[in-house]
Each structure stands twice: as structure tokens, then as C-alpha cells.
Amino acid sequence: SFFISKEEKMFSLSKPKLVSAVAVLLALSLAVVHMNGSNDEERIVQTQAFGGSVNSQGPWPSCVKEQKTGEKCAEFIEHYAEDVHIDIIQPNEKYDNDFDVDRVRIFVDEDGYVKETPMRG
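About the criteria used
- Residues numbered from 1 in each chain as written.
- Predicted model: local features only at pLDDT ≥ 70, side-chain atom pairs only at ≥ 80, totals over all residues.
- Heavy atoms only, no water.
- Helix = DSSP H or I, 4+ residues; strand = E, 2+ residues; numbered from the N terminus.
- Contact = heavy atoms within 4.5 Å.
- Disulfide = S-S within 2.5 Å.
- Phe/Tyr/Trp six-rings, centres within 6.5 Å; stacked < 30°, edge-to-face > 60°.
- Lys NZ or Arg CZ within 6 Å of the ring centre and 35° of its normal.
- Buried < 20%, exposed > 50% of the residue type's maximum accessible area, 1.4 Å probe, protein only.
- Arc of directions from axis to C-beta.
- Salt bridge = Lys/Arg side-chain N within 4 Å of Asp/Glu carboxyl O.

A word on the overall build of the chain. In terms of regular secondary structure, the chain is built from three helices and seven strands. Put simply, 29% of the contacts in the chain that link residues at least 6 apart link residues at least 24 apart.

Printed below as a string of C-alpha cells:
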């Protein structure tokens, strides 16, 4: 057990409970990673560590889960990550393999729906 006060032993935590408490505190401290106010709107982007599904750094799995088209997915990502350049890659389209953190590639199927989770690179 871990004792906050050795003399009085008022508060004790077992090791698993202490680890859980530290994990919760860490998740809460990471909850808001970006706050950007504009004239009529304020956006709060939550990290995935806190369970949020939208993250300015990606990846963006909701584009696949919600069956978004490539264009709708691009609009969605641009709303949260204004600093990226987005390429929509069609089936069998050729592209280079260089890595660029300011780029997001959205791979779509023959019907234009996102088939892989978009991410930076």
C-alpha cells in the first residue's frame, strides 16, 4: 500500500488503484489539446487519450466508420486540422511514398467512399 501520511495512515491506495488514479489524472490533463476561438465559434479538440473522436493531429477513423465520401471527409478534417493539405486518392491512382506531416491522404473506393482511416503523412 501507498500511504499519503505515514504517521496517521489516513489515506492509502493499493498499487493497482494508484496506477489507475495516475492514468485518470494523465488522461484528464491531456483532455484539451487545442482551443482556437474565432469571431462566432470556439472549437475544442479532444485527444483520443480522453476518448474523443476528433483530433487535430489525426488519425480520423470516423471518416470510415460513418461512411463519408472523400469530399465530406476532407471537409471534416479541414475543420479540425486547418494546417494540412489533403489529397483524395482514387482507386489505382499513383502517388509518391514520401512522408509529409502537413499532408493527409484520403483513399476512396470506386464509389467515392473512404476505405482507409485518413492520417497525416
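The tally for this structure, following the rule as stated, stands at one disulfide. Across a sulfur-sulfur distance of 2.2 Å, Cys63 and Cys73 are joined as a disulfide pair. Across the disulfide from Cys63 to Cys73, rotation about the S-S bond amounts to roughly 90°, and the bridge is consequently right-handed. Placement of Cys63 in helix H2 (residues 62–65) and of Cys73 in helix H3 (residues 70–80) is noted, with a sequence separation of ten residues between them.

Quick look at the packing of aromatic side chains now. All chains considered together, the criterion is met by two aromatic pairs. On the numbers, 5.3 Å between centres and 65° between planes, the contact of Tyr95 with Phe107 is edge-to-face. Of this pair, Tyr95 sits in the loop between strand S5 (85–89) and strand S6 (103–107) while Phe107 is found in strand S6, placing the two residues twelve residues apart along the sequence. Its guanidinium or amino end placed over the ring of Phe76, Lys68 lies 4.8 Å from that ring's centre, counting from NZ or CZ.

As a further point, take H3. Within H3, burial applies to Gly70, Cys73, Ala74, Phe76 and Ile77. Buried residues of H3 fall within an arc of 165° about the axis and therefore sit on the same side.

Turning to the pattern of salt bridges, a few remarks are in order. Pairing between side chains of opposite charge can happen when their charged atoms approach one another. For the coordinates displayed, the defined rule picks out six salt bridges. One network of salt bridges, in which partners are shared, links Asp96, Asp98, Arg103 and Arg105.

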